[in-house]
There are 2 protein chains.
Amino acid sequence: MESSATLSLSQLAYVYPATPRSNKAYPFWPCKRRSSQPTRLHCNKMYVPGFGEASPEAKAAKNLHNFFTYVAVKIVAAQLESYNPEAYEELIEFLGRHSLNDGDKFCASMFRESSRHKNLALRIMEVRSAYCKNDFEWDNLKRLAFKMVTESNTRLMTEYVLETSHVESEK
Amino acid sequence: MESSATLSLSQLAYVYPATPRSNKAYPFWPCKRRSSQPTRLHCNKMYVPGFGEASPEAKAAKNLHNFFTYVAVKIVAAQLESYNPEAYEELIEFLGRHSLNDGDKFCASMFRESSRHKNLALRIMEVRSAYCKNDFEWDNLKRLAFKMVTESNTRLMTEYVLETSHVESEK
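Not measured: the values here are computed from a predicted model. (Residues numbered from 1 in each chain as written. Chains lettered and ligands numbered in written order. Predicted model: local features only at pLDDT ≥ 70, side-chain atom pairs only at ≥ 80, totals over all residues. Heavy atoms only, no water.)

**A look at the interface of chain B and chain A**
Under the convention used in this document: Residue contacts follow a heavy-atom distance rule, with two residues in contact if any of their heavy atoms lie within 4.5 Å. In this description, buried area is defined as the sum, over both parts, of the accessible area (probe of 1.4 Å) that is lost when the two are combined. One side-chain nitrogen of Lys or Arg within 4 Å of one carboxyl oxygen of Asp or Glu is enough to make a salt bridge. Helix and strand definitions here come from DSSP, where helices need a minimum of 4 consecutive H or I residues and strands a minimum of 2 consecutive E residues; each element is numbered from the N-terminal end. Under the grouping applied here, Gly and all other residues not named as nonpolar or charged are polar, the nonpolar ones being Ala, Val, Leu, Ile, Met, Phe, Trp, Tyr, Cys and Pro and the charged ones Asp, Glu, Lys and Arg.
Every contact between the two is made by 86 residues of chain B and, on the other side, 86 residues of chain A. In total, chain B and chain A occlude about 8,300 Å² of area from one another, counting both sides; carbon and sulfur atoms represent 66% of this. Taken together, the connections running from chain B to chain A amount to six salt bridges. Among the ionic pairs, Glu163 of chain A bridges to Arg112 of chain B, the shortest N-O distance being 2.8 Å. A total of 19 residues in the side of chain B that touches chain A trace back to one element, the largest contributor, which is helix H2 (residues 56-83) of chain B. Class assignment of the residues belonging to the side of chain B that touches chain A gives a composition of 50 nonpolar, 15 polar and 21 charged.

Spelled out as structure tokens, the structure:
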């Protein structure tokens, strides 16, 4: 299946110049800040516009930060459910009224709700820090992302080639 | 400032048992599948409920996968803008009609739009793979996430302590 997808790829890639299939950088898009001086900038990387002062890594880290808060709330809720049902109810009730999309905003609101909520917020903050630094499997994340992009690309091309072959065989 | 925040933390943490401040695992929540046999499972990790068969890492990788598609579209658009305005217009027009929230769905739709779009989709898929595997700084992501969780926690506590001190000094 792989080979037919690759065949289709080379057959189709005539409208826009195909990107090189090697692991090298794309030579047709030089880094904006290239100078004649040798620099320590990674100028063999593709230019990514639209992130302003921030980087794609910073944006991804911000998303992960909110995700870790969400995970910490799940962890704390599961812990409380078994040995402190009252606090569990308070947490669930608070969750119903506040969005977890912005983790820091969620914690700040919880801090100011009541003294009991304040301690709950402190605990969530400690758990998200411990989860990020100790429990979250960063190498696994990278491995899964590599696998996902390869498999998704192959699947998308395979599905398309199968569809096309089907249409052509019906003619 | 750090010391006053820590002081407040120990003063306040009486309603719910505080989580240990060391880097060790939380002993009061043993892993669900702990057995008397020594196993290779990482049972010293916190139990994270609610992810079913998947893991938090798989969920985060899926989000990153969509993010890489978004970045790839940005990269390809910037490349086309300078040397192929016609293809650039086509890409922007397509972007106006299709959501980038699901990267694979976006690519699949683009594949089936026209033969020109098909090549554009192939290019986006190759760029997202190259970006994920070569350009994206995974170590930097981890470093930024560590920094973000520490700084956010300190900031949230500091802000709260400042507010509280202010109220108390007004009494």
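**As for the relation of the copies chain B and chain A**
Each of the two copies of the chain can be brought onto the other by a rotation about an axis and a shift along it. Threshold: Fitting of the copies onto one another was done by least squares over C-alpha atoms, counting residues only where both copies have pLDDT of at least 70.
Rotating chain B by 180 degrees and translating it 0.0 Å along the rotation axis places it on chain A, where the RMSD comes to 0.0 Å. Taken together, the rotation and translation describe the operation of a two-fold axis. A share of 100% of the interface residues of chain B reappears at the interface of chain A, consistent with the copies meeting face to face through the same patch.

**Points about the packing of aromatic side chains**
The condition is simple: Stacked, edge-to-face and tilted are the three classes for Phe, Tyr and Trp ring pairs, Trp counted by its six-membered ring, which pair at centre distances within 6.5 Å; planes under 30 degrees apart are stacked, over 60 edge-to-face, the rest tilted. Three exposure classes are used, based on accessible area relative to the maximum for each residue type with a 1.4 Å probe and protein chains only: buried under 20%, partly exposed in between, and exposed over 50%.
One pass over the structure, following the stated rule, counts 20 aromatic pairs over all chains. The interplanar angle of 55 degrees and the centroid separation of 5.9 Å between the aromatic rings of Tyr131 of chain A and Phe136 of chain A together place this pair among those described as tilted. Tyr131 of chain A gets classed as buried once you look at its relative accessible area, which sits at 2%. Take Phe136 of chain A: its relative accessible area is 4%, and that puts it in the buried class. With a centroid separation of 5.9 Å and an interplanar angle of 75 degrees, the aromatic rings of Phe68 of chain B and Trp138 of chain B are classed as edge-to-face. On the criterion of sequence distance, the pair formed by Phe68 of chain B in helix H2 and Trp138 of chain B in helix H6 (residues 138-170) is long-range, its members being 70 residues apart. Taken together through their ring pairs, the aromatic side chains of Phe67, Phe68, Tyr70, Tyr131, Phe136 and Trp138 of chain A together with Phe146 of chain B make up a single cluster.

The analysis is restricted to geometry; functional conclusions fall outside its scope.
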